[in-house]
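# Geometric and topological summary
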Amino acid sequence: MVFKKKDLLSIKDLSKEEIQHVLELGDSFKEILTRDIKKVPTLRGKTVVNFFAEPSTRTRTSFELAAKRLSADVVNISAKSSSLVKGESLKDTAKTIEALGADAVIVRHLSAGAPKFFAENAKCSVINGGDGAHEHPTQALLDLFTMRQKFGRIEGLHVGIVGDIAHSRVARSNLLALNKMGARVTLIAPPTLIPAGIESLTAVKHGMGAEIKYDFDSVIEKLDVIYMLRIQLERQTESLFPSVREYAKLFGLNLERLKRVKKDILVMHPGPMNRGIEISYEVADIPQTAVTKQVANGVAIRMSVLYLLLGGVEIEKVAN
Amino acid sequence: MRRLLIRGGRVIDPANKIDGVLDILVEGEKIAAVGENLEVSDCEIVDAKNKIVTPGLIDMHVHLREPGREDEETIKSGSRAAAAGGFTSVACMPNTYPVNDNSAITEMIIEKANEADLINVYPIAAITKGLTGKELTEMSELVDSGAVAFSDDGEYVKNDEVMRRALEYSKMFDVSLISHAESKKLSAGGQINEGYYSTALGLRGIPSAAEEIAIARDIILSELVDARIHFTHISTKGSLRLVKEAKERGLKVTCDVTPHHLVLTEEALANYDTNCKVNPPLRTKNDVDALSKALSEGVIDAIASDHAPHAIHEKEVEFSAAAFGMIGLETTLPLMITKIVNAGILSLPKMIEKFTISPARILKINKGTLSVGADADISIIDNMAKVKIESNKFKSRSKNSPFIGWEFNGKVHHLIVRGKTLVDSSKLIK
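Once a new chain begins, its residue numbering starts again from 1 and follows that chain's sequence as written. Written order determines the labels here, with chains lettered from A and ligands numbered from 1. Local features are withheld for residues below a pLDDT of 70 in this predicted model, meaning they are given only at 70 or higher, and side-chain atom pairs are given and counted only at 80 or more; totals for whole chains, interfaces and linings count all residues. Only hydrogens and water are set aside when side-chain values are computed; all heavy atoms of the structure are taken into account.

This brings us to the pattern of salt bridges. Salt bridge, as used here, is a side-chain nitrogen of Lys or Arg placed within 4 Å of a carboxyl oxygen of Asp or Glu. Taken as a whole and assessed by the stated rule, the structure comprises 51 salt bridges over all chains. The partner of D217(A) in a salt bridge is R260(A), with the nearest N and O atoms 3.5 Å apart. Of this pair, D217(A) sits in the loop between β7 (211-213) and β8 (225-228) while R260(A) sits in the loop between α9 (255-258) and β9 (266-268), and the two are 43 residues apart along the sequence. Taking relative accessible area as the criterion, D217(A) reaches 30% and is therefore assigned partly exposed. For E168(B), the salt bridge goes to R164(B), with nearest N and O atoms at 3.1 Å. With E168(B) and R164(B) both in helix α4 (residues 160-170) and four residues apart, the pair spans about one turn of that helix. Where salt bridges share partners, they join R65(B), R69(B), D71(B), E72(B) and E314(B) into one cluster. Under the DSSP-based scheme used, a helix requires at least four consecutive residues in state H or I and a strand at least two consecutive residues in state E, with every element numbered from the N terminus. Buried, partly exposed and exposed residues are distinguished by accessible area as a fraction of the type maximum, computed with a 1.4 Å probe on protein chains only: under 20%, between the cut-offs, and over 50%, respectively.

We call two residues in contact when some of their heavy atoms are within 4.5 Å. Taken together, the 15 residues of chain B in the interface contact 21 residues of chain A. Simply put, the buried area is the total loss of 1.4 Å probe accessible area from both parts when two parts are fitted together. With both chains or domains summed, chain B and chain A bury close to 1500 Å², and 56% of this area falls on carbon and sulfur atoms. In terms of surface lost to chain A, no three residues of chain B exceed Y196(B), T199(B) and E318(B), which account for 41% of the buried area on that side. Connecting chain B to chain A are one salt bridge. Across the pair E316(B) and K91(A) runs a salt bridge, and its minimum N-O distance is 2.5 Å. Nitrogen and oxygen atoms within 3.5 Å of one another constitute a polar contact, given that in protein one can donate a hydrogen and the other can accept it, and given that sequence-neighbouring residues count only through two side-chain atoms. Linking chain B with chain A are six residue pairs in polar contact (both at pLDDT 80 or more), by the criterion used here. Taken together, the residues of the side of chain B that touches chain A break down into seven nonpolar, five polar and three charged. Side-chain classes follow a simple rule in which Ala, Val, Leu, Ile, Met, Phe, Trp, Tyr, Cys and Pro form the nonpolar group, Asp, Glu, Lys and Arg form the charged group, and the remainder, Gly included, forms the polar group.

On to the environment of L428(B). Tracing the backbone through its elements, the reader meets L428(B) in strand β19 (residues 427-428). The contact partners of L428(B), leaving out residues within four places of it in the chain, are R80(B), A83(B), A84(B), K395(B), L422(B) and V423(B).

Think of a 1 Å grid over the protein atoms and nothing else: a 1.4 Å probe that fits but is trapped marks a cavity, an open set flanked by protein within 12 Å on at least five of seven lines marks a pocket, and residues with an atom within 4 Å of a point count as lining. Grid points are joined across faces, edges and corners, and a volume is the space filled by probe spheres set on the points. A full pass over the atoms with the stated rule returns five cavities of 30 Å³ or more. As for the largest cavity, its lining consists of R58(A), T59(A), S62(A), Q139(A), L142(A), H269(A), P270(A), V291(A), Q294(A), V295(A), G298(A) and R302(A). Counting residues per element, the ones that place at least two in the lining of the largest cavity are α2 (58-69), α5 (137-151) and α10 (291-319) of chain A. Where each domain begins and ends is defined by an automated method or by a domain database. For the lining of the largest cavity, the two domains that each supply at least three residues are domain 1 (11-135 + 298-318) and domain 2 (137-294) of chain A. Each pocket or cavity is described by its volume, and for the second largest cavity that value is around 80 Å³. Lining the second largest cavity are 14 residues, with A181(B), E182(B), E211(B), H233(B) and P280(B) positioned closest to its centre. Sorting elements by how many residues they give to the lining of the second largest cavity places helix α7 (residues 208-225) of chain B first, with three residues. Of the residues contributing to the lining of the second largest cavity, the split by class is seven nonpolar, four polar and three charged.

This brings us to the packing of aromatic side chains. Side-chain rings of Phe, Tyr and Trp, where Trp is taken by its six-membered ring, are said to pair if the distance between their centres is within 6.5 Å; with planes under 30 degrees apart they count as stacked, over 60 as edge-to-face, and otherwise as tilted. Scanning the model with the defined rule gives 11 aromatic pairs over all chains in all. On the numbers, 6.1 Å between centres and 70° between planes, the contact of Y272(B) with F319(B) is edge-to-face. With a gap of 47 residues between them, Y272(B) in the loop between α9 (259-263) and α10 (285-297) and F319(B) in the loop between β15 (302-303) and α11 (332-341) connect regions that are remote in the sequence. F319(B) carries the same exposure label as Y272(B), and that label is buried. On the numbers, 6.3 Å between centres and 65° between planes, the contact of F403(B) with F408(B) is edge-to-face. Relative accessible area serves as the criterion here: at 2%, F403(B) is assigned to the buried category. In this structure F408(B) comes out as buried when scored by relative accessible area, which is 2%. Its end group placed over the ring of Y281(A), R275(A) keeps NZ or CZ at 4.6 Å from the ring centre. In our convention, an over-ring charge means Lys NZ or Arg CZ found within 6 Å of a ring centre and within 35 degrees of that ring's normal. Stacked on the ring of F63(A), the Lys or Arg R302(A) has its end atom at 4.8 Å from the ring centre.

Paired through backbone hydrogen bonds, the strands of a sheet run either parallel or antiparallel to each other. All names here are of chain A. One requirement defines pairing of two strands: DSSP has to find at least two bridges between them. Ordered by their spatial adjacency, four strands build an open sheet running β2-β1-β3-β4, and the pairing between neighbours is parallel. Pairing within the sheet leaves two strands with one partner each, and these edge strands are β2 (73-78) and β4 (125-131). In this sheet, neighbouring strand axes are inclined to one another by 15° on average, regardless of whether the strands run parallel or antiparallel. Two strands pair when backbone bridges link them, and strand β1 (residues 47-52) and β2 are joined in this way by six bridges, in the parallel orientation. Looking across to β2, one finds that F52 is bridged to S78. Those strands touched by helix α3 (residues 90-99) are β1, β2 and β3 (104-109), and its axis lies near 160° from that of β1. Axis lines are fitted to C-alpha atoms, over the contacting stretch for helices. Their N-to-C directions set the angle, which ranges from 0 to 180 degrees.

One number sums up the size of the largest pocket: a volume of about 1600 Å³. Lining the largest pocket are 50 residues; nearest its centre among them are A133(A), H167(A), S168(A), Q232(A) and R235(A). Of all the secondary-structure elements, those providing two or more residues to the lining of the largest pocket are α2 and α6 (169-180) of chain A together with α5 (184-187) and α6 (196-201) of chain B. When residues in the lining of the largest pocket are grouped by element, the largest group, three residues, is from α6(A). Classifying every residue of the lining of the largest pocket by side-chain character gives 18 nonpolar, 20 polar and 12 charged. Each of domain 1 (11-135 + 298-318) and domain 2 (137-294) of chain A accounts for three or more of the residues forming the lining of the largest pocket.

As a further point, take a negative patch on the surface. Residue and element names in this part refer to chain B. A surface patch of negative charge is lined by E107, E111, E115, E138, E141 and D144. At three residues, helix α2 (residues 103-116) tops the list of elements feeding residues into the negative patch. Mapped onto the elements of the fold, E138 is located in the loop between β8 (120-125) and α3 (139-145). By definition, no residue in a patch forms a salt bridge, and every one has over 30% relative accessible area; like charges are joined within 9 Å, nonpolar side chains (Val, Leu, Ile, Met, Phe, Trp, Tyr) within 5 Å. The Shrake-Rupley method, run with a 1.4 Å probe, gives the accessible areas here. Residue values count only the displayed protein chains as cover. We score Asp and Glu as negative and Lys and Arg as positive, and we do not count His or the chain ends. Note that the charge is assigned to NZ on lysines, CZ on arginines, CG on aspartates and CD on glutamates.

Residues and elements named next belong to chain B. Within the secondary structure layout, K51 lies in the loop between β4 (44-47) and β5 (52-55). Lacking a salt bridge, the buried K51 has D382 as its closest oppositely charged neighbour, with an N-O distance of 4.2 Å. Non-local contacts of K51, meaning those with residues more than four positions away in its chain, are made with G9, R10, I380, I381, D382 and H413.

Formed by 92 residues in total, the largest nonpolar core has its most connected members in M147(A), I226(A) and L306(A). Looking at this core element by element, the count peaks at 10 residues for α10(A). Both domain 1 (11-135 + 298-318) and domain 2 (137-294) of chain A contribute no fewer than three residues apiece to this core. Setting aside residues up to four positions removed in sequence, I226(A) forms contacts with G160(A), V162(A), F216(A), I220(A), L253(A), V261(A), I265(A), L266(A), V267(A) and M268(A). We define a nonpolar core as any set of buried Ala, Val, Leu, Ile, Met, Phe, Trp, Tyr and Cys residues linked to one another through side-chain atoms lying within 4.5 Å. Grouped together as the second largest cluster of nonpolar side chains are 76 residues, V62(B), A181(B), L262(B) and A290(B) included.

Interpretation note: all reported values are geometric properties and have no functional meaning in isolation.
What follows is the structure, given as structure tokens:
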């Protein structure tokens, strides 16, 4: 199977079968990454542009490595180095990057919907590398890959996503992807960090959605996966919770809480972690915590996505 | 003196409770006679058979952008857009550059409108200097210069005391303060209605409460000082509940609604269409249904477009960077006829009332009737004609409308302003 779509902007763009395919392809690329020479010629001659209008090290590096492992040429454009600071519009930036001959552009932007806008203004493939509080589809795919790696399945897993759901694109993409693959999702946060209507985010089409809990301890024993979100310290000044201390007490994952979880628990975090706040110093380093696995898997999954969007077209042409 | 006979149309003049097939005789700038089969010789004839003849329509909330943003609209281009949309009068908001907070700007607007010699343009002056919510404008001088109402539109007078005094002071002139009701703390950073769509799209939401809290305060203050308050572009079910209750208690409260809040829900934003980014935001189906109901029950007094022209480069950007607002002068009438009147929500005479005598009373302008002796401002509407909204046909300088490509029934057939013909056989002739 190959992708006929031009872009990957949202998990909504993908069918269950397509997600399955990304994950399976991820296995093959994962194998390649364990070789001595971690490089295949699949995308030789293709150009991948990392357009990051919002600071990011992890995602940008992951995409850069993924593209390089596939032998594509990679260019990085950050907010500081781009014409954005000179007041160039996103439309003109899209046109310029297209004219430079990019085959795929990874767009990271503060404004929700910006990758979609970019995609409408450029013929090249666009991958959403995280847009505002909207979505971060490749993060969700690598997270699913990590869960599948441990449990051998996604269907039937009970995943608790804990923390700042309101401002999290990771939570949204994971909720959509997990629901699509048949996992059960519980969102755990204070009411101030639960955005309106999130429980029906996927319910409209799939009859599922998420349940919401304000009390972490009431559900912690039932979870197969605990997915901790990064809490931004500014939220305290926005009256979203009274103090980091109280937040950590109610929603932090610490050794005390860990005593009550299932034996084969998987602890995840999209990074960067705030040790001592949403995740205690010790819990961050236990073997059940998959943060570094997530990072490693990210490269393989992004290779899958790049391959399916760029290589897929080529394969089709040959077949015709 | 020009004599013009408008023959055989269905004349609807809500102010005089007229609805029947009648002739209207215009002499010079005034209406000379209204009656059945008027026998007049030596005059031009406008055949209005199968058409609706109404007092010239009034849009009480538009942005003409002059002075300051003439690239988006001018008093002349906005007047042409109004005429093409069937309007003979508009009231323009003060958020220009510089702000219309002094008589020099008010006079300039009126002078420019006179120069354009198209429709009637009524300036609305700012409540506070520079729309900053701090010091009152010189209301007396502004009224003398031609301001018909006061508003800090786009801004909400945050300071309770300043708003109280503004309402109190305005009583000397018996003018309405027009409230853009929005608690700015609750709406801060907001892009669209708070709810399922703001969450699904990852955009900061604007809760209904931001509007409702603001409306509640202004009702309470207007009651305290017994002054007139008008709420523009009301958008939520809760707001309507507050206004209805205030009206039932006999307070001096009026309100208007825009066609887009009556017709579109927040679902229109599912693809980040910046032309649907408006303030107040498009709301839920529940709110839209409540607006329709309130309109038919008479809780809503007027319909106003909130015509908000924006340059392409202010809309063709990522969503959070896009300006709020859509143009409306040239889509309001067909939208209202098709989606409200033809849908059975409001009768044609009731709709016309909300475009004529009702806004005229709120603004205290001597318009909105076909009484003998009144200014000959007349809209003749072909409510059956099919229209397709096309971007290149807009007379407005801006094209920011989500209705481009939509098909409607109803358009202006003939338009007369103070006895002069501006639209003839649906063609703008000036």
